[in-house]
Amino acid sequence: GAVVSQHPSWVICKSGTSVKIECRSLDFQATTMFWYRQFPKQSLMLMATSNEGSKATYEQGVEKDKFLINHASLTLSTLTVTSAHPEDSSFYICSARPGGTGETQYFGPGTRLLVL
Amino acid sequence: GDSVTQMEGPVTLSEEAFLTINCTYTATGYPSLFWYVQYPGEGLQLLLKATKADDKGSNKGFEATYRKETTSFHLEKGSVQVSDSAVYFCALKGQAGTALIFGKGTTLSVSS
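Every chain is numbered on its own, with residues counted from 1 as its sequence reads. Chain letters start at A and ligand numbers start at 1, both assigned in the order the entries are written. Restriction of local features to residues with pLDDT of at least 70 applies here, the model being predicted, together with a cutoff of 80 or more for giving and counting side-chain atom pairs; totals for whole chains, interfaces and linings are based on all residues. Only hydrogens and water are removed before side-chain values are computed, so all heavy atoms of the structure are retained for them.

**A few points about the environment of A:Leu79**
- For the purposes of this entry, the term helix denotes a DSSP run of H or I that reaches at least four residues, the term strand denotes a run of E that reaches at least two, and both are numbered from the N terminus. Within the element layout of this structure, A:Leu79 appears in strand β8 (residues 76-81).
- Taking the C-alpha atoms as reference, A:Leu79 lies 15 Å from A:Phe107; in sequence the two are 28 residues apart.

Structure below.
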């Protein structure tokens with residue numbers, strides 16, 4: 001089946017630094033990728049939707065200058081958390097949707113970010 | 001706006017017990033409904049889905065029926081196994097939307 005990987009799976013950083021999280025579709029081309037954030041015991045909250053080669057569409061309340069998303073190729077999207085602060089500590093999950101397959105999204109295993 | 005409510009966990013069962021995880025939704029029109037499962041250390045996987053009222057999604061012994069009259073999509077399995085231990089998420093995709101809206105997830109723990 002379709003596989004999506006995320007790297008790193010765990011990251012700890014100091015407050016004020018930037019962190020980049022990669023999301024890769026390993027065996028298919030992803031026309032659309034989604035980035036979610038999950039707090040403990042909470043739902044996955046959609047942060048943004050990105051289509052290859054175009055700017056990401058951010059959900060209301062998500063700071064686009066803080067959470068930079070780049071979907072430069074059909075197999076790679078990156079999320080950069082800029083000037084991270086402790087309140088950015090969370091579990092970040094990406095998903096990828098192949099072109100022409102309707103609703104099916106394939107999820108990565110997630111990246112846990114801890115900002116000290 | 002659209003939303004999904006699912007029962008709080010954790011749910012702890014013995015092997016071969018009957019499983020129900022409740023899920024209700026709020027949405028305009030006719031959303032598509034999904035159950036995703038997340039095994040430890042892995043990404044979410046689509047378990048089953050239903051796209052219109054009275055549809056029944058099924059996979060790996062799990063079933064859920066799209067009930068528009070009760071706005072529900074409860075997940076059931078007649079006999080759980082230890083390998084079913086995971087977190088289960090109910091989700092919907094609205095008629096006009098492309099994004100999935102998730103419930104909070106329910107942790108299932110099955111012991112032998």
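**With respect to the packing of aromatic side chains**
- In this analysis, rings of Phe, Tyr and Trp, with Trp reduced to its six-membered ring, are considered paired at centre separations within 6.5 Å, and the interplanar angle assigns stacked below 30 degrees, edge-to-face beyond 60, and tilted for intermediate values. The final tally for this structure, using the stated rule, is twelve aromatic pairs over all chains.
- Aromatic side chains B:Phe34 and B:Tyr36 sit 6.2 Å apart centroid to centroid with 35° between the ring planes, which places their arrangement in the tilted category. By the burial criterion, B:Phe34 is buried, and B:Tyr36 matches it.
- Ring centres of B:Phe62 and B:Tyr88 lie 5.6 Å apart, and the angle between their planes is 40°; this geometry places the pair in the tilted category. Of the two residues, B:Phe62 is situated in strand β8 (residues 62-65) and B:Tyr88 in strand β10 (residues 86-93); the sequence distance between them amounts to 26 residues. Judged on exposure class, the residue B:Phe62 and its partner B:Tyr88 are both buried.
- What links up through ring pairs into an aromatic cluster is the set A:Phe34, A:Tyr36, A:Phe107, B:Phe34, B:Tyr36, B:Phe89 and B:Phe102.
- Put simply, a charge is over a ring when the Lys NZ or the Arg CZ is close to the ring centre, within 6 Å, and near the line of the ring normal, within 35 degrees. Sitting over the ring of B:Tyr30, B:Lys68 keeps its end group 4.4 Å from the ring centre. For each residue, the accessible area found with a 1.4 Å probe, counting protein chains only, is set against the maximum for its type, and the residue is called buried under 20%, exposed over 50%, and partly exposed in between.

**Things to note about the nonpolar core**
All names here are of chain B.
- To form a nonpolar core, buried Ala, Val, Leu, Ile, Met, Phe, Trp, Tyr and Cys residues must be joined to one another through side-chain atoms within 4.5 Å. Ranked by internal contacts, the top residues of the largest apolar core, which has 26 residues, are Leu 19, Trp 35, Leu 47, Leu 48, Phe 73, Leu 75 and Tyr 88.
- Elements supplying a minimum of two residues to this core: β2 (11-14), β3 (19-21), β4 (23-26), β5 (32-38), β6 (45-50), β8, β10 and β12 (106-111).
- Per-element tally for this core: the top contributor is β10, with four residues.

**A word on the interface of chain A and chain B**
- We call two residues in contact whenever any of their non-hydrogen atoms come within 4.5 Å of each other. Each partner contributes to the interface: chain A provides 16 residues, whereas chain B provides 18 residues.
- Buried surface at the junction of chain A and chain B, both sides included, amounts to about 1300 Å², of which 54% is carbon and sulfur.
- Any carboxyl oxygen of Asp or Glu that lies within 4 Å of a side-chain nitrogen of Lys or Arg is treated as forming a salt bridge with it. Linking chain A to chain B there are zero salt bridges.
- Where the side of chain A that touches chain B is concerned, the elements lending two or more residues are β4 (30-38), β5 (44-51) and β9 (90-98) of chain A. What counts as buried area is the accessible surface, traced by a 1.4 Å probe, that two parts surrender upon association, with contributions from both included.

**Notes on the sheet that holds strand β1 (residues 4-7) of chain A**
All names here are of chain A.
- Two strands are said to pair when DSSP picks up at least two bridges between them. The antiparallel open sheet is built from four strands, whose spatial order is β1-β3-β8-β7. Bordering the open sheet on either side are β1 and β7 (67-73), each of which pairs with just one other strand. In this sheet, neighbouring strand axes are inclined to one another by 15° on average, regardless of whether the strands run parallel or antiparallel.
- Taken together, the five bridges between β7 and β8 define a ladder with antiparallel strand orientation. Across the sheet, residue Leu 68 finds its bridge partner in β8, namely Thr 80. Only the stretch in contact is used when a helix axis is fitted, and all axes are lines through C-alpha atoms; the angle between N-to-C directions ranges over 0 to 180 degrees.

**Digging into the pattern of salt bridges**
- On inspection of all chains with the given rule, the structure shows five salt bridges over all chains.
- Note that A:Arg24 and A:Glu22 form a salt bridge whose closest N and O atoms lie 3.4 Å from each other.
- A:Glu22 gets classed as partly exposed once you look at its relative accessible area, which sits at 24%.
- Between B:Lys77 and B:Asp84 there is a salt bridge, with its nearest N and O atoms 2.8 Å apart.

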